[in-house]
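# Breakdown of the fold
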Amino acid sequence: MTVYLFDRIDEFSDELFRRSLRLLPAERQKKVTAYRQKIDQKLSVLGYVLLNYGIKSEYGVSGAIQFSYSERGKPFLIDYPQIHFNISHCKKGVICAVHHSAVGVDVETVENYDPELAGHVCNENELKLINESDNKALTFTKIWTKKESLLKKTGIGLSDHLKTIDTVDSEAIVLVDPAEAYVFSIAGMSLVQLGLRSEIFRA
């Protein structure tokens, strides 16, 4: 199992984007180019590149891959249903996890703290942590990414019942960029499995 993170978006030039786009199946190319903003196109392509790199490195799978979707909309590989993966991106980076069992990941930039949003999605335990924190924005982002990763592991996606997902004692691992620009969480892997070696977070 491995987690790949690419956070040097500025280095992903237009030329690299065009070359990478040609590697995608026609269906994926169509989805990528449907995005109106170039940054969204680049992030989508990078997610596919990381997935391809991951399944080739971990399982020796090469060549075009085909996707299908569960009833809840979670993507899976048609020819390799035993390989589980999840992808997330924000304007600061793209993350992809490849695992032998269900996994969920989420990456988010640290934005200004919004107490109204926090009150809508966080339960009492989580709000207590936020209110006691010296960095409310960072603490909220940790909680948010944990919730997302747990939901994505199950394939449910965003839910109207986010308060019921208690992240305080959850299985999700949360890690923070050294510059505190973004946060990412992983559900479905333990710290031992992850290894916490810095090189595993670079593709």
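Residues numbered from 1 in each chain as written. Predicted model: local features only at pLDDT ≥ 70, side-chain atom pairs only at ≥ 80, totals over all residues. Heavy atoms only, no water.

### Side note on the sheet that holds strand β5 (residues 93-99)
- Read across the sheet, three strands follow the order β1-β5-β4 without closing on themselves; strand pairing throughout is antiparallel. On the outer flanks of this sheet lie β1 (2-6) and β4 (84-90), each paired with one strand and no other. In this sheet, neighbouring strand axes are inclined to one another by 10° on average, regardless of whether the strands run parallel or antiparallel.
- Direction of pairing for β4 relative to β5: antiparallel, over a ladder of seven bridges. Within the sheet, the bridge partner assigned to I87 lies in β5 and is C96.
- Sitting on the sheet, helix α3 (residues 38-59) touches β1, β4 and β5, and the angle it makes with β5 is about 30°. (Pairing = 2+ DSSP bridges. Helix = DSSP H or I, 4+ residues; strand = E, 2+ residues; numbered from the N terminus. Axes fitted to C-alpha atoms, helices over the stretch in contact; angles between N-to-C directions. Contact = heavy atoms within 4.5 Å.)

### Description of the pairing of strand β6 (residues 104-109)
- The buried fraction of β6 amounts to five of the six residues, a majority that puts the element mostly inside the structure.
- Here six bridges tie β6 to strand β8 (residues 182-187), and the two strands are oriented antiparallel to one another. Note on β8: the bridge partner recorded for G104 is A187. (Buried < 20%, exposed > 50% of the residue type's maximum accessible area, 1.4 Å probe, protein only.)

### Some points on the packing of aromatic side chains
- Counting across every chain of the model gives six aromatic pairs.
- Ring geometry for F6 versus F12: centroids 6.5 Å apart, planes at 70°, classification edge-to-face.
- A ring pair is formed by Y113 and F140, whose centres lie 6.2 Å apart and whose planes are at 65°; its orientation type is edge-to-face. In this pair, Y113 is assigned in the loop between β6 and α4 (115-121) and F140 in helix α6 (residues 136-154), connecting sequence segments 27 residues apart.
- Look at Y113 and you get partly exposed, because its relative accessible area is 24%.
- Looking at F140, the relative accessible area reads 10%, which means it is buried.
- Of the aromatic side chains, those joined through ring pairs into one cluster are Y48, F67 and F85.
- We note R28 situated over the ring of F67; from NZ or CZ to the ring centre the distance is 4.7 Å. (Phe/Tyr/Trp six-rings, centres within 6.5 Å; stacked < 30°, edge-to-face > 60°. Lys NZ or Arg CZ within 6 Å of the ring centre and 35° of its normal.)

### A closer look at unusual backbone geometry
- The phi angle at E180 is positive, at roughly 60°, despite the residue not being glycine.
- Position of E180 among the secondary structure elements: in the loop between β7 (173-176) and β8.
- Taking the relative accessible area as the measure of exposure, E180 reaches 42% and is therefore partly exposed.

Distances and angles like these do not, on their own, reveal function.
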